[in-house]
Amino acid sequence: GGSGLLGAATEDGAQPAPERVLFPPTFSVSEIKNKQRRHFMFLRWKQQQRKEKLAAKKKRRKEREALGDKAPPKAVPKTIENQRVYDETTVDPNDEEVAFDEATDEFAPYFNRQTVPKILITTSDRPRGRTVRFCEQLATVIPNSHVYYRRGLALKRIIPQCIARDFTDLIVINEDRKIPNGLVLSHLPDGPTAHFRMSSVRLRKEIKRKGKEPTEHVPEIILNNFTTRLGHSIGRMLASLFPHDPQFIGRQVATFHNQRDYIFFRFHRYIFKSEKKVGIQELGPRFTLKLRSLQKGTFDSKFGEYEWIHKRREMDTSRRKFHL
């Protein structure tokens, strides 16, 4: 039999090194009919893309080092956040109208230190294990909060009892198939009430490298990116759940970080390793909120007057449009 091209050896008997085939520019993985081969080729193609990207990065870095001080400034990468569609309700901190609203809104007594937060945390009817544990852990994060498990009592009946007992806020954790999936936050006695969808709930035992249990110190509060009038209201609402004077000796921080209208909650303790180095330890729990509606007054699903409702088809016309 004649020697095939692949089997052709060189004169000293060694096999020639196989040529590294680069994918042609018109190459399309989807044209390969065999599924396993297609998957294999796709992985090869991704690998090649990665190598090319790294090589280009190295080249750019070398060029910058060679130019030294004359190197052009680094380009700012485009992100959905910095390409955000301008919102006309974005708050200017020096605006007189905003200052007037803050002085007269439902949270003014809290910010003027006339009221001390007292929170009732309750659940949907007859909660299951995970929701119960989540409520217990939330009560260790929010000082002066009390957990009450509902057994068939309507929210309309709970609210007057809360007001009579000087509760300033009511938090209701709803669940679906034993998983916490909603949070209703009602500011007492006159509202407003916010409905959030809740997702990505992680309890303490599910968090890797978590710290020891939180102490009873009042935590600091960090509110990030609540820039519009609606976001401002929600930020004030979340801030008024916690006492005004944090005890810094406890080194605990509760963060509500708004990004693309998702509010990420994290609870940390920071640890001073030296005078300049600070480490943080997550204590948990963690969860994500997405605002569904804001209602004037206390909870009233039938006759409540809504300030804002999230309507996906009408409002989410652009991926770069955010409401908070």
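Cut-offs applied
In this numbering scheme, every chain counts its residues from 1 along its sequence in written order. Only residues with pLDDT of 70 or above have their local features reported here, since the model is predicted, and side-chain atom pairs are shown and tallied only from 80 upward, although totals for entire chains, interfaces and linings are computed over all residues. To get the side-chain values, all heavy atoms of the structure are used, and hydrogens and water are removed first. We place a 1 Å grid over just the protein atoms. Points where a 1.4 Å probe fits but has no way out form a cavity, open points with protein on both sides within 12 Å along at least 5 of 7 lines form a pocket, and any residue with an atom within 4 Å of a point lines it. Grid points are joined across faces, edges and corners, and a volume is the space filled by probe spheres set on the points. Only DSSP runs of H or I covering at least 4 residues are called helices, and only runs of E covering at least 2 are called strands; the numbering of each starts at the N terminus. Note on residue classes: Ala, Val, Leu, Ile, Met, Phe, Trp, Tyr, Cys and Pro are nonpolar, Asp, Glu, Lys and Arg are charged, and everything else, Gly too, is polar. UniProt positions are given in the numbering used here, feature names are shortened, and annotations may be inferred rather than shown by experiment. In this analysis, rings of Phe, Tyr and Trp, with Trp reduced to its six-membered ring, are considered paired at centre separations within 6.5 Å, and the interplanar angle assigns stacked below 30 degrees, edge-to-face beyond 60, and tilted for intermediate values. Exposure classes here rest on a 1.4 Å probe applied to the protein chains alone. A residue is buried below 20% of its type maximum, exposed above 50%, and partly exposed in between. Geometrically, a lysine NZ or arginine CZ counts as sitting over a ring once it is within 6 Å of the ring centre and also within 35 degrees of the ring normal.

The space that makes up the largest pocket amounts to roughly 380 Å³. Taken together, 17 residues line the largest pocket, and the ones lying closest to its centre are Asp101, Asp105, Arg229, Ser233 and Glu307. Contributions of two or more residues to the lining of the largest pocket are made by helix H2 (96–104), helix H6 (229–239) and strand S11 (306–309). Per-element accounting of the lining of the largest pocket gives the leading share, 5 residues, to H6. The residue inventory of the lining of the largest pocket, partitioned by class, reads 6 nonpolar, 3 polar and 8 charged. Computed from the structure, the second largest pocket encloses a volume of approximately 250 Å³. What lines the second largest pocket is a set of 17 residues, among which Thr115, Thr168, His187, Leu188 and Pro189 lie closest to the centre.

For the rest of this paragraph, the subject is the UniProt feature "domain: Brix" (unreviewed entry) in the protein. Per the UniProt annotation, the sites labelled "domain: Brix" (unreviewed entry) are residues 117–300. Secondary structure across residues 117–300 comprises 18% helix and 41% strand; the distance between its end C-alpha atoms is 22 Å.

Attention now moves to the packing of aromatic side chains. Evaluated as defined, the whole model comprises 7 aromatic pairs. Consider the rings of Tyr270 and Phe272, whose centres lie 5.6 Å apart with planes at 85°: the pair is edge-to-face. You can call Tyr270 buried: its relative accessible area is 17%. Grouping aromatic residues by their ring pairs yields a cluster made of Phe134, Phe242, Phe256, Phe265 and Phe287. Above the ring of Phe167, the side-chain terminus of Lys118 is found at 4.6 Å from the ring centroid. Taking the ring centre of Tyr262 as reference, the NZ or CZ of Lys290 above it sits at 5.1 Å.

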